[in-house]
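Residues per chain, in single letters:
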Amino acid sequence: MKVRIDIDTNTFVRFWLVVIGFGLVGFAIYSARTALVIVGVALFLALALSNPVTKLASLMPGKSRFGGTAAAFTLVVAFLGLFIGLIVPPVIEQTVRVADNVPSLVDSAQDQWHLVDDLVDRYHLQSQVDNTLNSVKENATAWAANIGQSFVSSIGSLFSVLAATFLVIVLAFLMLLEGPGWLRKLWSVYSDEEKMKYHQRLAGRMHMVVTGYVTGQLAVSSVGALCAGLVVFALHFFFPAIPMNLALPTVAIAFIFSLIPMFGATIAGILIAILLAFNDVTAAVVFIVFFVIYQQIENNFISPTIQSKTVELSALAVLVAVTIGLYVFGLVGGIISIPIAGCIKVLLEDHFEQTKKARTKSTNPLQKKKKKLLHKLVKKLQEEA
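For clarity, every value in this text was computed on a predicted model and none was experimentally measured.

Participant: Sorry if this is basic, but what is going on with the overall build of the protein chain here?
Facilitator: Within the protein chain, the secondary structure is distributed over 12 helices and 0 strands. Counting helices and strands in the order they occur from the N terminus, the protein chain gives α-α-α-α-α-α-α-α-α-α-α-α. Across the 385 residues that make up the protein chain, the buried fraction comes to 27%. Taking the intrachain contacts of the protein chain between residues at least 6 apart in sequence as the baseline, contacts between residues at least 24 apart amount to 70%. For the protein chain, the exposed surface amounts to about 25900 Å²; the carbon and sulfur share of it is 71%.

Participant: Looking at this structure, how should I read the packing of helix H7 (residues 193-238) against helix H8 (residues 247-258)?
Facilitator: Helix packing geometry: the angle between the two helix axes and the distance between the axes. The interhelical angle for the contact between H7 and H8, taken along N-to-C directions, is 155°, at an axis separation of 8 Å. Compared by their axis directions, H7 and H8 come out roughly antiparallel. As H7 runs across H8, the sense of the crossing is right-handed. Contacts between H7 and H8 pair Gln217, Leu218, Ser221, Ser222, Ala225, Ala228, Gly229, Val232 and Phe233 from the former with Ala247, Thr250, Val251, Ala254, Phe255 and Ser258 from the latter. Looking at the contact of H7 with H8 residue by residue, the classes come out as 9 nonpolar, 6 polar and no charged.

Participant: Teacher, can you tell me more about the pattern of salt bridges here?
Facilitator: A side chain of one charge can pair with a side chain of the opposite charge when the charged atoms of the two come close. Under the counting rule described, the total for this entry stands at 3 salt bridges. For Glu193, the salt bridge identified is with Lys197, shortest N-O distance 3.4 Å. Highlighted residues: Glu193 and Lys197, both in helix H7, separated by 4 residues, approximately one helical turn. A salt bridge links Glu349 to Arg205; its shortest N-O distance comes to 3.5 Å.

Participant: When you look at the packing of aromatic side chains in this model, what are you seeing that I'm missing?
Facilitator: Counted under the stated rule, the structure contains 8 aromatic pairs. Taken together, a centroid distance of 5.3 Å and an interplanar angle of 80° make the contact between Phe15 and Trp16 edge-to-face. Judged by its relative accessible area of 41%, Trp16 falls in the partly exposed class. Ring centres of Phe287 and Phe291 lie 6.4 Å apart, and the angle between their planes is 20°; this geometry places the pair in the stacked category. Of the two residues, Phe287 and Phe291 both sit in helix H10 (residues 281-306), 4 residues apart, roughly one turn of that helix. Taking relative accessible area as the criterion, Phe287 reaches 1% and is therefore assigned buried. Grouped by ring-pair contacts, the aromatic residues Phe287, Phe290, Phe291 and Tyr294 constitute a single cluster.

Participant: Would you mind going over the nonpolar core with me for this structure?
Facilitator: The nonpolar side chains of a soluble globular protein tend to be buried with one another. The biggest cluster of nonpolar side chains holds 35 residues, and the ones touching the most others in it are Val232, Leu235, Ile242, Ile272, Leu276 and Phe287. Mapped by element, the contributors of at least two residues to this core are helix H2 (33-59), H7, H8, helix H9 (264-277), H10 and helix H11 (315-362). If sequence neighbours within four positions are ignored, Ile272 has contacts with Val232, Thr250, Ile253, Ala254 and Phe287. By size, the runner-up hydrophobic cluster in this structure holds 13 residues, among which are Ala42, Val53, Ala72 and Val168.

Participant: How should the packing of H8 against H9 be read in this particular structure?
Facilitator: Two elements in contact, H8 and H9, have axes whose closest approach is 7 Å; the angle formed by their N-to-C orientations is 160°. Comparing the axis directions of H8 and H9 gives the class roughly antiparallel. Crossing hand, H8 versus H9: right-handed. When H8 is examined against H9, the residues Thr250, Ile253, Ala254, Phe257 and Ser258 are found in contact with a partner set consisting of Gly264, Ala265, Ile267, Ala268, Leu271 and Ile272.

Participant: Would you take a moment to explain the confidence of the model for the protein chain for this structure?
Facilitator: Across the protein chain, the average pLDDT comes to 76, with 71% of residues at 70 or higher. When the elements of the protein chain are averaged for pLDDT, helix H5 (residues 126-154) gives the smallest value, 58, and H7 the largest, 86.

Participant: Looking at this structure, I do not really get H7. What am I missing?
Facilitator: For H7, built from 46 residues, the straight-helix expectation of 68 Å at 1.5 Å per residue is met to within 8% by its first-to-last C-alpha distance of 67 Å. The backbone nitrogen of Glu194 lies 3.1 Å from a side-chain oxygen of the residue at the head of H7, namely Asp192.

Participant: Explain a nonpolar patch on the surface to me, please; I cannot follow it from the model alone.
Facilitator: A cluster of nonpolar residues, Phe12, Val13, Phe15, Trp16, Leu17, Val19, Ile20 and Leu24, forms a patch on the protein surface that exposes about 800 Å² of accessible area. Note that Ile20 resides in helix H1 (residues 9-31). We classify Ile20 as partly exposed; its relative accessible area is 48%.

Participant: What am I meant to see in the side chain of Asn279 here?
Facilitator: One can find Asn279 in the loop between H9 and H10. Residue Asn279 is classed as buried on the basis of its relative accessible area of 13%. Side-chain polar atoms of Asn279 contact the backbone oxygen of Leu275, separated by 3.1 Å.

Definitions and limits used
Residues numbered from 1 in each chain as written. Predicted model: local features only at pLDDT ≥ 70, side-chain atom pairs only at ≥ 80, totals over all residues. Heavy atoms only, no water. Helix = DSSP H or I, 4+ residues; strand = E, 2+ residues; numbered from the N terminus. Buried < 20%, exposed > 50% of the residue type's maximum accessible area, 1.4 Å probe, protein only. Contact = heavy atoms within 4.5 Å. Areas by Shrake-Rupley, 256 points an atom, 1.4 Å probe, with all protein chains shown as cover. Axes fitted to C-alpha atoms, helices over the stretch in contact; angles between N-to-C directions. Parallel < 35°, antiparallel > 145°, perpendicular 65-115°, else oblique. Left-handed = near helix turned anticlockwise from the far one by under 90°. Nonpolar A, V, L, I, M, F, W, Y, C, P; charged D, E, K, R; others polar. Salt bridge = Lys/Arg side-chain N within 4 Å of Asp/Glu carboxyl O. Phe/Tyr/Trp six-rings, centres within 6.5 Å; stacked < 30°, edge-to-face > 60°. Core = buried A, V, L, I, M, F, W, Y, C linked by side-chain atoms within 4.5 Å. pLDDT = per-residue confidence, 0-100. Expected span 1.5 Å × (residues − 1). Polar contact = N/O pair within 3.5 Å; in protein donor to acceptor, adjacent residues only side chain to side chain. Patch = residues over 30% accessible without salt bridge, like charges linked within 9 Å, V, L, I, M, F, W, Y side chains within 5 Å.

Here it is as structure tokens:
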């Protein structure tokens, strides 16, 4: 049995115009993804700093919003400058040290591998092995020196990173400065006061999710980074090969990567252990033992206490959000994915709640009775007519 469906030309054209429109919008979003990330990070930073800025503004003469915002961003920029100034020199020092130690490590391994030497002599491979080892020693310095260059090239040029950071700071500053005015204009559009208050409560819930998560995650990351730095500092006294200033890069690595939920702390622990292993393998093993024990304490006591019911997402939801954030927007996406997922959860919960209320209202027995009586009355009037 064949079914024939007739579609007029106007419907056909409108359908494909809608499809093409969605395609163009998707392409535009994809093309502007870098700019959208910058704007999103600035909005995230502005939401996170809104409460501190409001408190600082209340302390300023005349309760100046500009003064409170400027003070907050002065502290942020000062912290970033101090952070970079304390971290970069030890990292460069460790890179140079690794480059200097690679040739001696190769010589030591070459002297100790007696079993390998027997196999080499048996199969007449000595010339190939010597050429390989000499090549490794000659290129060790260049290889170590290119580690930083490879890392920078993987995330873009240094100029673009600095420009993006500058844009984020400026955008967040303007958002904090003009945000209250935008909100006043937005709420003034409403003619229904009840609906306005409802939307204000909904926006307030999402704001609490973002600020609560940011404050809690910063606290958890700070505690973990401080503990890791103190352990590395203490290891210097038991293992003199561990430089004392290695504690600062440890704090930086632990703090930044711990901001990524789920597996960020694990990445930080592995990187710090590798950094320690370049100086003393035993110290690296001791740090790994500390790290495993501390993670159990953090996951079961510290994090639940600090992050008490700010987001309330399941482990699956957190993993899905972090995975999407990392693969779509990189490291920044992994950091901001959880509060975004928390805001989506707030919207979904509100939608389900409103739907439930609407269904309850429609199934009310009194409403049903009224509809039945109205239906009978209409039917009677039709019969009389």
